[in-house]
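Chain by chain, the residues:
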Amino acid sequence: MKNTVQTFQKFKDDKKKISMLTAYDYSTAALIEKAGINAILVGDSLGMVVLGHKDTLSVTVEDMIYHSRAVTAAVENTMVVVDLPFMSYQVSAAQAVKNAGRLVKEGHAQTVKLEGGRQVADRIEAITAAGIPVMGHLGLTPQSVNAFGGFKVQGKTLSAAEKLIDDALAVQKAGAFALVLECVPDQLAALITEKLSIPTIGIGAGAATDGQILVYQDMLGIFSDFKAKFVKRYDEIGQRMLADFKKYDSEVKEQIFPSQEHTFKSDPAVMDQLIK
Ligand code: KIV
Ligand code: NA
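From a predicted model like this one, the values you see are computed outputs, not experimental measurements. (Residues numbered from 1 in each chain as written. Chains lettered and ligands numbered in written order. Predicted model: local features only at pLDDT ≥ 70, side-chain atom pairs only at ≥ 80, totals over all residues.)

What about the overall build of the chain?
Under the convention used in this document: Strands here mean DSSP runs of E at least two residues long; helices mean DSSP runs of H or I at least four residues long; both are numbered from the N terminus. Three exposure classes are used. Buried residues have 20 or more other C-beta atoms within 10 Å of their own C-beta, exposed residues have 12 or fewer, and partly exposed residues fall in between, all C-beta atoms being placed from the backbone. Whether two residues are in contact is decided by their C-beta atoms, placed from the backbone, lying within 7 Å.
Assigned secondary structure in the chain consists of 12 helices and 8 strands. Seen through its principal axes, the chain has C-alpha atoms that stretch 85 × 40 × 35 Å. The proportion of buried residues among the 276 residues of the chain is 42%. Sequence separation of at least 24 residues holds for 58% of the intrachain contacts in the chain that already meet a minimum separation of 6.

Some details on the UniProt feature "binding site: Mg(2+)" (unreviewed entry) in the chain
Applied cut-off: UniProt positions are given in the numbering used here, feature names are shortened, and annotations may be inferred rather than shown by experiment.
In the numbering used here, UniProt assigns the "binding site: Mg(2+)" (unreviewed entry) feature to Asp 44, Asp 83 and Glu 115. Maximum C-alpha separation among the annotated residues is 11.0 Å over a sequence range of 72 residues, consistent with a single clustered spot. You can see Asp 44 is positioned in the loop between strand E2 (39-42) and helix H3 (46-49). Discounting residues that sit within four places of it in the chain, Asp 44 has contacts with Thr 56, Val 59, Met 64, Asp 83 and Pro 85. Following the sequence through the fold, Glu 115 ends up in the loop between strand E4 (111-113) and helix H6 (121-129). If near-sequence neighbours (up to four positions away) are discounted, Glu 115 is found in contact with His 137, Thr 141 and Gln 143.

Considering the site of ligand 1
As a reminder of what qualifies: Nearness here has a simple definition: the residue's C-beta atom, placed using the backbone, must lie within 6 Å of the molecule or strand. Residues are sorted three ways: Asp, Glu, Lys and Arg are charged, Ala, Val, Leu, Ile, Met, Phe, Trp, Tyr, Cys and Pro are nonpolar, and all the rest, Gly among them, are polar.
Near ligand 1 the following residues occur: Thr 22, Leu 41, Gly 43, Asp 44, Ser 45, Asp 83, Val 180, Glu 182, Ile 203, Ile 213 and Val 215. Looking at the shell around ligand 1 residue by residue, the classes come out as 5 nonpolar, 3 polar and 3 charged.

Examining unusual backbone geometry
Between Phe 257 and the following residue, Pro 258, the backbone shows a cis peptide bond with an omega angle of 0°. For Pro 258, the position within the fold is in the loop between helix H11 (237-253) and helix H12 (268-275). Even without a glycine there, the phi angle at Gln 255 is positive, about 55°. Assignment of secondary structure puts Gln 255 in the loop between H11 and H12.

Here's the deal with the nonpolar core
The cut-off we apply is this: What we call a nonpolar core is a set of buried Ala, Val, Leu, Ile, Met, Phe, Trp, Tyr and Cys residues whose membership is set by joining through C-beta atoms within 7 Å.
Ranked by internal contacts, the top residues of the largest apolar core, which has 68 residues, are Ile 40, Val 112, Ala 176 and Leu 179. Setting aside residues no more than four positions away along its own chain, Leu 179 makes contact with Met 135, Gly 136, Leu 138, Ala 168, Val 171, Leu 196, Ile 198 and Thr 200.

With respect to the sheet that holds strand E6 (residues 178-182)
Keep this limit in mind: Strand pairing follows a simple DSSP-based rule, namely that at least 2 bridges must link the two strands. Axis definition: a line fit to C-alpha positions, over the contact stretch in the case of helices; interaxial angles, taken between N-to-C directions, run 0 to 180 degrees.
Overall, parallel pairing links the 8 strands, which are arranged E1-E2-E3-E4-E5-E6-E7-E8 in a closed barrel. The average angle at which neighbouring strand axes cross in this sheet is 25°, direction not considered. Strands E6 and strand E7 (200-203) of the sheet are contacted by helix H9 (residues 186-195), whose axis makes an angle of about 165° with E7.

Description of the pairing of strand E3 (residues 79-83)
Within E3, 5 of the 5 residues are buried, which leaves it mostly tucked inside the rest of the structure. Across the two faces of E3 the burial is the same, with Met 79, Val 81 and Asp 83 and Val 80 and Val 82 all buried. Across 4 bridges, E2 lies against E3 in parallel orientation. Directly across from Val 42, in E3, lies its bridge partner Val 82. With 3 bridges joining them, E3 and E4 adopt parallel strand pairing. Along E4, the bridge assignment pairs Asp 83 with Lys 113.

Notes on the pairing of E2
Test applied: When the strands point away from the viewer and the connection leading from the first strand across the helix to the second strand turns clockwise, the crossover is called right-handed.
Burial along E2 is two-sided: Ala 39 and Leu 41 and Ile 40 and Val 42, pointing in opposite directions, are all buried. Chirality of the crossover, the property in question, places the unit of strand E1 (residues 18-22), helix H2 (residues 26-35) and E2 among those that are right-handed.

Details of the domain arrangement of the chain
What counts here: By convention here, the domain bounds are inherited from an automatic or database domain assignment.
Under the domain assignment, the chain is made up of domain 1 (5-235) and domain 2 (240-275). The C-alpha centroid of domain 2 is placed 45 Å from the C-alpha centroid of domain 1.

With respect to the UniProt feature "active site" (unreviewed entry) in the chain
Per the UniProt entry, the sites bearing "active site" (unreviewed entry) are Glu 182 in this numbering. The residues touching Glu 182, leaving out its near neighbours within four places in the chain, are His 137, Gly 139, Leu 140, Ile 203, Gly 204 and Ala 205.

Listed below in structure tokens is the structure:
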């Protein structure tokens, strides 16, 4: 079944959970599609887990297009959401529509995501009016890391919680089809989920959100510079990659690899002529 904004809404209405993972390349996206995950986010987290930057701020629209093309090439039924990176929509609604359009035309994105609440409502409205569905993102919005003074849980005080609820309602009113809640205390995320008619997708926002998302390198133990509390490690693939890289290194040096099995045999008649 093809996942669309309509099927996302049906999940919410039927009280069924939505699964999402990030992906940044063809091979990973193909596995996620096979697993039946509802949606892939080509996240600007690629700045950290793929490009090795300390935050997401230097990711460009071109970076997003490059990775979105790879992911969308693998996908048939999985919804693809592509992040608008820092400073690709903050300037104006016109800039937001232009860059969202590039993600669709050049990156083949199905939907786009941007960070923020009431202050970006006019961007959400303008992109939606252009026929491009928008996913919102509130709570810990990594593009504001310098304003927050670090990667921290958001909405902890009464006033911060009230602002988060107001922002969530503004995002919905502006026409967003879904909303990511990142690093939000569980009961506040539950309350927002109850107040909204559109689905919420949580990451570090407890069990009550309508869906969940994780960065796949985090859940598989491939990215291990740090591990957030909300990450469940489903595997330690990084450890297995390390062991296999070491084994390959020693097999090359000890001339165990390649063996006959991995070798193209020369035609002896040709070799006889060649050497003569
Ligand atoms: O870029 C990303 O991976 C994200 C998710 C963490 C929601 O925005
Ligand atoms: Na992101």
